[in-house]
Amino acid sequence: MARLSIRLLGPVQVCLDGQPVTRFETTKGRALLAFLAVEADQPHRREVLAEMLWPGRPEGAARANLRHSLAKLRTAIGDHEAAPAFFLASRDRIQFNPASDAWVDATAFSTLLQDRRTTEPASSRKNIRQLEGAVELYRGAFLEGISVPDSVAFEEWLLLKREQFGRQALDALRLLAERHEQIGEYEWALAHTWRQIELAPWQEAAQRRAMRLLAISGRRDAALAQYQACRRILAEELEIEPEEETDALYERIRDEASSLPADAP
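Criteria and cut-off values
Residue indices begin from 1 for each chain and proceed along its sequence in written order. Residues qualify for local features only when their pLDDT is at least 70, as the model is predicted, and side-chain atom pairs are given and counted only at 80 or more; totals for whole chains, interfaces and linings, by contrast, use all residues. Side-chain calculation: all heavy atoms of the structure are included, whereas hydrogens and water are not. Put simply, DSSP marks the helices as runs of H or I at least four residues long and the strands as runs of E at least two long, and each gets a number from the N terminus on. For every residue, the accessible area (1.4 Å probe, protein chains only) is compared with the maximum for its type, and the residue is labelled buried under 20%, exposed over 50%, or partly exposed between those bounds. Pairing between two strands is assigned when DSSP locates at least 2 bridges connecting them. Angles run from 0 to 180 degrees between N-to-C directions of axes, and those axes are lines fitted to C-alpha atoms, restricted for helices to the stretch in contact. The cut-offs work like this: below 35 degrees is roughly parallel, past 145 is roughly antiparallel, 65 to 115 is roughly perpendicular, and the gaps in between are oblique. By definition, turning the near helix anticlockwise from the far helix through less than a right angle yields a left-handed crossing, and turning it clockwise yields a right-handed one. In this analysis, two residues are considered to be in contact whenever any of their non-hydrogen atoms come within 4.5 Å of each other.

Draft legend 1. Structural context of unusual backbone geometry. Geometrically, the link from Ala83 to Pro84 is a cis peptide bond, its omega value of 0° lying close to zero. Position of Pro84 among the secondary structure elements: in the loop between helix H3 (59-76) and strand E5 (87-89). Phi at Asp17 is positive, roughly 55°, even though this residue is not glycine. Mapped onto the elements of the fold, Asp17 is located in the loop between strand E2 (13-16) and strand E3 (19-20).

Draft legend 2. Quick peek at the environment of Glu256. Inspection of the secondary structure puts Glu256 in the segment after helix H10 (244-255). The class for Glu256 is partly exposed, based on a relative accessible area of 32%. For Glu256 and Gln168, which are 88 residues apart along the polypeptide, the C-alpha to C-alpha distance reads 35 Å.

Draft legend 3. Main features of the sheet that holds strand E1 (residues 4-7). Spatially, E3-E2-E1-E7 is the arrangement adopted by the four strands of the open sheet, whose pairing is mixed. Looking along the sheet, the strands with just one partner apiece sit at the ends: E3 and strand E7 (102-104). In terms of strand pairing, E2 meets E3 through two bridges, oriented antiparallel. When the sheet's bridge partners are listed, Cys15 is paired in E3 with Pro20.

Draft legend 4. How the structure looks around the packing of helix H1 (residues 27-38) against helix H2 (residues 46-53). Taken N-terminus to C-terminus, the directions of H1 and H2 make an angle of 135°; their axes are 11 Å apart at the nearest point. When the axes of H1 and H2 are compared, the pair comes out oblique. Relative to H2, H1 is oriented so that their crossing is right-handed. Taken together, the residues of H2 that come into contact with H1 (itself represented by Lys28, Ala31, Leu32, Phe35 and Leu36) are Leu49, Met52 and Leu53.

Draft legend 5. Looking closely at the pairing of E1. By the bridge criterion, four bridges tie E1 to E2 in an arrangement that is antiparallel. Its bridge partner lying in E2, Leu4 is registered against Leu16. Hairpin connection of E1 to E2: five residues between the antiparallel strands, including Gly10 at a positive phi of 115°. Pairing analysis gives three bridges linking E1 to E7, with the strands arranged parallel. Pairing of Leu4 across the sheet is with Ala102, part of E7.

So, in structure tokens, the structure goes:
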């Protein structure tokens, strides 16, 4: 187990030697840690970081704020006692040390999704395990509850990463649901579909899969109730009606007592 554990997918959770780290002075301290941990593939110029988190301030004041925040951050995570250090800091640049004894969930999440594309056939058990591992890491939106409204640059980066990780999690859940359904593991398929709906209830493809899987499992009443839930969500959040395909599936489930075939890939 890594000495330093940083969880950013969902509410920020940092642990050092298994103990929660709670001595973060400000939200910007957490934001600085998150940015450096996720963008650890290169060093970052101090003036760029200072302007990103303290925009509009005189350069000297912004850099002083950065120095203060970095010092507090290094103290909180025990950087001065770590070997190798968690941060590589010079007069001009700062980098999160990728060779340090640290684990970052966002990095692990991306690595699992990248590895599955290159190491095994899409239908292999190992591929499925990699997808399962990735979705287990995704506890919620990237940096959930974190916002730095006076920093447009950081907020743009945050939004970009939040959308990227969220889209990847939804894609992974969809693939898992499809593959479990294809091999007849309907309860596993349904579990991943419920998670997909929890994250993005307006995605009708997931709503249809839930309806179909419930019907296949003999729970027609639940399938019909799911259609009504889908209809209500679309009306409340998007002010639209369900797609024709969703209506057609509802009518099939309503009219047929037999199991329904899966949609074509």
